[in-house]
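# Analysis of the macromolecular model
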Amino acid sequence: MSCIFCKIIANEIPSERVYEDDKVIAFKDINPATPVHILVIPKVHIEGVHEIDSENSHYVARAFEVIRTLAEEFHLEKGYRVITNVKEYGGQSVPHLHFHLLGGKNLGEKII
Ligand code: DGP
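Residues numbered from 1 in each chain as written. Predicted model: local features only at pLDDT ≥ 70, side-chain atom pairs only at ≥ 80, totals over all residues. Heavy atoms only, no water.

Another aspect to go through is the environment of F74. Tracing the backbone through its elements, the reader meets F74 in the loop between α2 (57-73) and β4 (80-83). When the C-alpha positions of F74 and V36 are compared, they lie 7.5 Å apart, and in sequence the two are 38 residues distant. (Helix = DSSP H or I, 4+ residues; strand = E, 2+ residues; numbered from the N terminus.)

Turning to the site of the ligand, a few remarks are in order. As a matter of local geometry, the ligand sits amid 15 residues, with K28, D29, N85, S93 and H100 nearest to it. The backbone of K28 places a nitrogen or oxygen atom 2.9 Å from a nitrogen atom of the ligand. Take H98: an N or O atom from its side chain is 2.9 Å from an oxygen atom of the ligand. Contact with the protein chains hides 82% of the accessible area of the ligand, taken as 510 Å² for the molecule alone. With respect to the detected pockets, the ligand is housed in the largest pocket. Looking at which element gives the most residues to the shell around the ligand, the answer is helix α1 (residues 4-9), with three residues. A class-by-class count of the residues in the shell around the ligand yields seven nonpolar, six polar and two charged. (Near = heavy atom within 4 Å. Polar contact = N/O pair within 3.5 Å; in protein donor to acceptor, adjacent residues only side chain to side chain. Areas by Shrake-Rupley, 256 points an atom, 1.4 Å probe, with all protein chains shown as cover. 1 Å grid on protein atoms, 1.4 Å probe; cavity = no way out; pocket = protein on both sides within 12 Å on 5 of 7 lines; lining within 4 Å. Sits in = over half its atoms within 2 Å of the grid points. Nonpolar A, V, L, I, M, F, W, Y, C, P; charged D, E, K, R; others polar.)

Let us look at the layout of surface pockets. In this structure, the largest pocket occupies an estimated 690 Å³ of space. Together, 32 residues line the largest pocket, and D29, H37, N85, H100 and L102 are the ones closest to its centre. For the lining of the largest pocket, the secondary structure elements donating two or more residues are α1, β2 (24-28), β3 (36-42), β4 and β5 (99-103). Sorting elements by how many residues they give to the lining of the largest pocket places α1 first, with three residues. (Points joined across faces, edges and corners; volume = space filled by probe spheres on them.)

Taken as a whole and assessed by the stated rule, the structure comprises seven salt bridges. For the salt bridge of R17 with E20, the shortest nitrogen-to-oxygen distance reads 2.8 Å. For R17, a relative accessible area of 25% translates into the label partly exposed. One salt-bridge network, held together by shared partners, links D21, D22, R62 and E65. (Salt bridge = Lys/Arg side-chain N within 4 Å of Asp/Glu carboxyl O. Buried < 20%, exposed > 50% of the residue type's maximum accessible area, 1.4 Å probe, protein only.)

As a further point, take a nonpolar patch on the surface. Taken together, the side chains of F64, Y80 and V82 present a nonpolar region at the surface, about 240 Å² in accessible area. With respect to the element layout, F64 can be found in helix α2. (Patch = residues over 30% accessible without salt bridge, like charges linked within 9 Å, V, L, I, M, F, W, Y side chains within 5 Å.)

Shown next as C-alpha coordinates:
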(Lines give C-alpha, C1' and ligand atoms only; values in the text may rest on other atoms or scores of the structure.)
Protein backbone atom coordinates (compact mmCIF):
# COMPACT_ATOMS: atom_id res chain seq x y z
CA MET A 1 0.00 0.00 0.00
CA SER A 2 1.65 3.21 -1.13
CA CYS A 3 -1.08 5.76 -0.40
CA ILE A 4 -0.19 8.07 2.50
CA PHE A 5 -3.81 8.51 3.55
CA CYS A 6 -4.47 4.74 3.43
CA LYS A 7 -1.48 4.42 5.80
CA ILE A 8 -3.01 7.03 8.09
CA ILE A 9 -6.31 5.08 8.05
CA ALA A 10 -4.36 1.89 8.94
CA ASN A 11 -2.48 3.73 11.71
CA GLU A 12 0.83 3.05 9.97
CA ILE A 13 1.44 6.81 9.93
CA PRO A 14 0.40 8.82 13.00
CA SER A 15 -2.12 11.61 12.68
CA GLU A 16 -4.00 13.93 14.97
CA ARG A 17 -7.44 12.41 14.56
CA VAL A 18 -10.46 14.42 15.48
CA TYR A 19 -13.16 12.01 14.25
CA GLU A 20 -13.57 8.41 13.11
CA ASP A 21 -16.48 6.15 12.22
CA ASP A 22 -17.07 3.15 9.94
CA LYS A 23 -16.89 5.22 6.73
CA VAL A 24 -14.62 8.24 7.26
CA ILE A 25 -11.84 9.65 9.37
CA ALA A 26 -10.91 13.28 10.00
CA PHE A 27 -7.51 14.53 11.10
CA LYS A 28 -5.58 17.78 11.31
CA ASP A 29 -3.67 18.82 8.20
CA ILE A 30 0.10 18.55 8.73
CA ASN A 31 0.60 21.96 7.14
CA PRO A 32 -2.37 24.05 8.27
CA ALA A 33 -3.38 26.93 6.01
CA THR A 34 -5.87 28.33 8.53
CA PRO A 35 -6.32 28.11 12.33
CA VAL A 36 -8.72 25.19 11.78
CA HIS A 37 -7.60 22.93 8.92
CA ILE A 38 -9.02 19.43 9.01
CA LEU A 39 -9.00 16.76 6.32
CA VAL A 40 -12.02 14.48 6.03
CA ILE A 41 -11.38 11.33 4.01
CA PRO A 42 -13.21 8.11 3.13
CA LYS A 43 -11.87 4.89 4.63
CA VAL A 44 -11.80 3.33 1.16
CA HIS A 45 -9.35 4.38 -1.50
CA ILE A 46 -11.19 6.70 -3.87
CA GLU A 47 -8.60 8.66 -5.83
CA GLY A 48 -10.55 11.88 -6.12
CA VAL A 49 -13.84 13.43 -7.18
CA HIS A 50 -13.27 11.88 -10.62
CA GLU A 51 -13.79 8.41 -9.08
CA ILE A 52 -17.01 9.13 -7.19
CA ASP A 53 -19.91 7.00 -8.44
CA SER A 54 -23.24 5.57 -7.29
CA GLU A 55 -21.42 2.71 -5.51
CA ASN A 56 -19.19 4.84 -3.31
CA SER A 57 -21.03 8.17 -3.00
CA HIS A 58 -22.36 7.18 0.43
CA TYR A 59 -18.82 7.82 1.72
CA VAL A 60 -19.02 11.35 0.34
CA ALA A 61 -22.40 11.93 1.92
CA ARG A 62 -21.01 10.82 5.29
CA ALA A 63 -17.97 13.07 4.84
CA PHE A 64 -20.23 16.10 4.50
CA GLU A 65 -22.34 15.08 7.49
CA VAL A 66 -19.09 14.92 9.47
CA ILE A 67 -17.90 18.26 8.10
CA ARG A 68 -21.10 19.86 9.36
CA THR A 69 -20.60 18.30 12.82
CA LEU A 70 -16.92 19.28 12.98
CA ALA A 71 -17.76 22.86 11.98
CA GLU A 72 -19.98 23.04 15.06
CA GLU A 73 -17.42 21.32 17.29
CA PHE A 74 -14.64 23.68 16.18
CA HIS A 75 -16.86 26.76 16.59
CA LEU A 76 -16.96 27.78 12.96
CA GLU A 77 -20.43 29.29 13.25
CA LYS A 78 -19.25 32.47 11.48
CA GLY A 79 -18.39 30.45 8.40
CA TYR A 80 -15.85 28.19 6.78
CA ARG A 81 -14.76 26.77 3.45
CA VAL A 82 -14.68 23.21 2.10
CA ILE A 83 -12.22 22.53 -0.70
CA THR A 84 -11.33 19.45 -2.69
CA ASN A 85 -8.55 19.60 -5.25
CA VAL A 86 -8.77 17.27 -8.24
CA LYS A 87 -5.84 15.85 -10.23
CA GLU A 88 -2.83 17.78 -11.47
CA TYR A 89 -4.47 20.95 -12.75
CA GLY A 90 -6.64 21.12 -9.64
CA GLY A 91 -3.56 21.05 -7.42
CA GLN A 92 -4.20 17.67 -5.81
CA SER A 93 -1.01 16.39 -4.16
CA VAL A 94 -2.39 13.30 -2.38
CA PRO A 95 -4.38 11.01 -4.70
CA HIS A 96 -6.90 9.88 -2.05
CA LEU A 97 -10.19 11.82 -1.96
CA HIS A 98 -10.12 14.42 0.83
CA PHE A 99 -12.10 17.45 1.80
CA HIS A 100 -10.26 20.35 3.42
CA LEU A 101 -12.32 21.98 6.17
CA LEU A 102 -10.86 25.46 6.56
CA GLY A 103 -11.85 28.07 9.09
CA GLY A 104 -11.07 29.92 12.28
CA LYS A 105 -10.55 33.29 10.58
CA ASN A 106 -12.19 35.39 7.90
CA LEU A 107 -11.27 33.64 4.63
CA GLY A 108 -11.30 36.71 2.46
CA GLU A 109 -9.55 35.41 -0.63
CA LYS A 110 -11.82 33.68 -3.12
CA ILE A 111 -11.29 32.16 -6.55
CA ILE A 112 -15.00 32.35 -7.34
P1 DGP B 1 -4.03 18.41 -1.57
O2 DGP B 1 -2.91 19.31 -1.95
O3 DGP B 1 -5.40 19.00 -1.80
O4 DGP B 1 -3.88 17.03 -2.18
O5 DGP B 1 -3.94 18.28 0.01
C6 DGP B 1 -3.14 17.35 0.66
C7 DGP B 1 -3.00 17.81 2.08
O8 DGP B 1 -2.56 16.71 2.85
C9 DGP B 1 -1.99 18.93 2.29
O10 DGP B 1 -2.68 20.08 2.79
C11 DGP B 1 -1.02 18.40 3.33
C12 DGP B 1 -1.72 17.18 3.87
N13 DGP B 1 -0.86 16.06 4.21
C14 DGP B 1 0.02 15.44 3.36
N15 DGP B 1 0.64 14.43 4.01
C16 DGP B 1 0.14 14.43 5.28
C17 DGP B 1 0.40 13.60 6.42
O18 DGP B 1 1.20 12.67 6.42
N19 DGP B 1 -0.30 13.91 7.56
C20 DGP B 1 -1.21 14.93 7.60
N21 DGP B 1 -1.84 15.13 8.77
N22 DGP B 1 -1.48 15.71 6.53
C23 DGP B 1 -0.81 15.46 5.39
